[in-house]
Amino acid sequence: MTDRYAVLGHPIGHSKSPLIHSLFAQATGQDIGYTAIETPLDGFADTVLGFRAGGGRGLNVSLPFKLQAFEIATEPSERAHLAGAANCLKFEGDRIQADNFDGVGLVNDLQRNLGCPLAGKRVLLLGAGGATRGALLPIAGQSPALIAVANRTADKAHALGRDFAAHAQLQSGGYQDLAGKSFDVVINATSTGLTQEALPLPAGLFAPGAIAYEMVYGKGLTPFLKQAQAAGASRVADGVGMLVEQAAEAFAWWRGVRPETQPVIQRLTVPLT
Ligand code: NAP
């Protein structure tokens, strides 16, 4: 019998997850069905429980439901717990397991696909929302020289510093606190790639050889990536690889088979021009 999976979000029409998981299923010979379900803003729990009651095996969870996905879980992973958010659920009997694969997807993309090991590097995350929360533990696990978080609302960056104190010593602050500092890896985890807004980045932020990584994908050269190129970053990348790598983690967790990611990344890549 075909096992059923889906992605929940609002809106969800733009989601690439059904395509990604159908390509993974074809490549690995797994018999799964995967759909996108537009979920009412006040109907997340009902949709999850209804999908499970109908025999569904697992769900990906997109915006704005990642916090609720964590809350509905009976068994959240440590990563999901620290992030306070989950992007993947697995159903086994009465158990609802939850994990957060966004951060490991980012780390796998940087290290495996882009050839950028994080050990010993100075890593800066711009933004202090859910994406940064999900990324911190996987990044800290790679032993970077330092991790800094800068956010428009500096207090949110400081709060992250406190929440993650047992796992990493974060430098936290606002954009003005970045003056005079340079980093090897600069990750834009704000939503400015969607709104096409520029960030107030100081001169000298990108160290020689630095990579600039935009989590938003499919938008070509965003204002952040243009800023990075103009400021001398050696390489720029968007978040398409992160998207596919987090999907691969979910697929492996659900199915016990790890799909190849490169062909899917190539299929979804929009040139950075
Ligand atoms: P979120 O929780 O809503 O956080 C948004 C962040 O962006 C906050 O830090 C916010 O700062 C900042 N921000 C928004 N507008 C800004 C502006 N004009 N100037 C400066 N900062 C601004 O969102 P999220 O879940 O962290 O996601 C962030 C982005 O990552 C989204 O665009 C999402 O598409 C992308 N993402 C990609 C993947 C992938 O697989 N590639 C996975 C997850 C997320 P304040 O706190 O000051 O409001």
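Rules of the game
- The numbering scheme is per chain: residues are counted from 1 as the chain's sequence reads.
- The predicted origin of the model limits local features to residues at a pLDDT of at least 70 and limits the giving and counting of side-chain atom pairs to 80 or more, whereas totals for whole chains, interfaces and linings rest on all residues.
- For the side-chain quantities, the full set of heavy atoms in the structure was used; hydrogens and water were omitted.
- For two strands to count as paired, DSSP must find a minimum of two bridges between them.
- Working definition: helices are DSSP H or I runs of at least four residues, strands are E runs of at least two. Numbering for both runs from the N terminus.
- Definition used in this section: a nonpolar core is a set of buried Ala, Val, Leu, Ile, Met, Phe, Trp, Tyr and Cys residues joined via side-chain atoms within 4.5 Å.
- Type-normalised accessible area, obtained with a 1.4 Å probe on protein chains alone, sets the label of each residue: buried when under 20%, exposed when over 50%, and partly exposed for intermediate values.
- Any two residues whose heavy atoms approach within 4.5 Å at even a single point are treated as in contact.
- In this analysis an axis means a line fitted to C-alpha atoms, helices contributing only their contacting stretch, and an angle means the value between N-to-C directions, from 0 to 180 degrees.
- Any Lys or Arg side-chain nitrogen found within 4 Å of a carboxyl oxygen on Asp or Glu counts as a salt bridge.
- By convention, orient the strands away from the viewer: a clockwise path from the first strand over the helix to the second makes the crossover right-handed.

### Observations regarding the sheet that holds strand 5 (residues 88–92)
Okay, step 1: Spatially, 6 strands are ordered 2-1-3-5-6-4 in an open sheet, and the strand pairing comes out mixed. Among the strands making up the open sheet, the edge pair consists of strand 2 (32–38) and strand 4 (75–76).
Okay, step 2: Bridge analysis of strand 1 (residues 3–9) against strand 2 gives 7 bridges, and the strand direction is parallel. Considered in strand 2, the bridge of G9 is made with E38.

### Focus: the nonpolar core
Okay, step 1: Grouped together as the largest cluster of nonpolar side chains are 29 residues, with contacts concentrated most on L106, L110, I139, I187 and Y213.
Okay, step 2: Mapped onto this core, the elements with two or more residues apiece are helix 5 (102–113), strand 7 (122–126), helix 6 (130–140), strand 8 (146–150), helix 7 (154–163), strand 10 (183–188) and strand 11 (206–214).
Okay, step 3: In terms of residues, this core owes the most to one element, helix 6, which gives 4 residues.
Okay, step 4: In this view, I187 contacts L106, L110, V123, L124, L125, L126, I139, Y213 and M215; residues no more than four positions away in its chain are not counted.
Okay, step 5: Counting 23 residues, the second largest nonpolar core, distinct from the first, contains L23, Y34, V240 and W254.

### Topic: the sheet that holds strand 11
Okay, step 1: Read from one edge of the open sheet, 6 strands run 9-8-7-10-11-12, paired in parallel fashion. The open sheet has two free edges, formed respectively by strand 9 (170–173) and strand 12 (235–238), since each of these has just one partner strand. Neighbour to neighbour, the strand axes of the sheet diverge by 15° on average, direction disregarded.
Okay, step 2: Of the pairings in the sheet, the one linking strand 8 to strand 9 comprises 4 bridges and is parallel in character. Looking across to strand 9, one finds that A148 is bridged to Q171.
Okay, step 3: Against the sheet, helix 5 contacts strand 10, strand 11 and strand 12, and its axis sits at roughly 135° relative to strand 11.
Okay, step 4: Lying on the sheet, helix 7 is in contact with strand 8 and strand 9; it crosses strand 9 at an angle near 160°.

### Brief notes about the environment of I72
Okay, step 1: Counting through the fold element by element, I72 comes out in helix 3 (residues 66–72).
Okay, step 2: Spatially, the C-alpha atom of I72 lies 9.4 Å from that of L89, the residues being 17 residues apart in sequence.
Okay, step 3: When neighbours within four sequence positions are excluded, I72 is seen to be in contact with F44, A45, V48, L49, L89 and I96.

### Section: the pattern of salt bridges
Okay, step 1: Scanning the model with the defined rule gives 9 salt bridges in all.
Okay, step 2: Across the salt bridge formed by R57 and D3, the nearest N and O atoms sit 3.0 Å from each other. Separated by 54 residues along the polypeptide, R57 in the loop between helix 2 (44–53) and strand 3 (58–61) and D3 in strand 1 bring together distant segments of the chain.
Okay, step 3: Given the relative accessible area of 34%, R57 is considered partly exposed.
Okay, step 4: Here R95 ties to E92 by a salt bridge, and the two come within 3.1 Å at their closest N and O atoms.
Okay, step 5: For E92, a relative accessible area of 35% translates into the label partly exposed.
Okay, step 6: Within the structure, one salt-bridge network assembled from shared partners comprises D3, R57 and R255.

### Focus on the pairing of strand 8
Okay, step 1: Among the 5 residues in strand 8, 4 count as buried, and that is most of the element.
Okay, step 2: Sheet analysis places strand 7 next to strand 8, joined by 5 bridges and oriented parallel. Paired with L125 across the bridge in strand 8 is V149.
Okay, step 3: Crossover strand 7 to strand 8 through helix 6 is right-handed.
Okay, step 4: Taken together, strand 8, helix 7 and strand 9 form a β-α-β motif whose crossover is right-handed.

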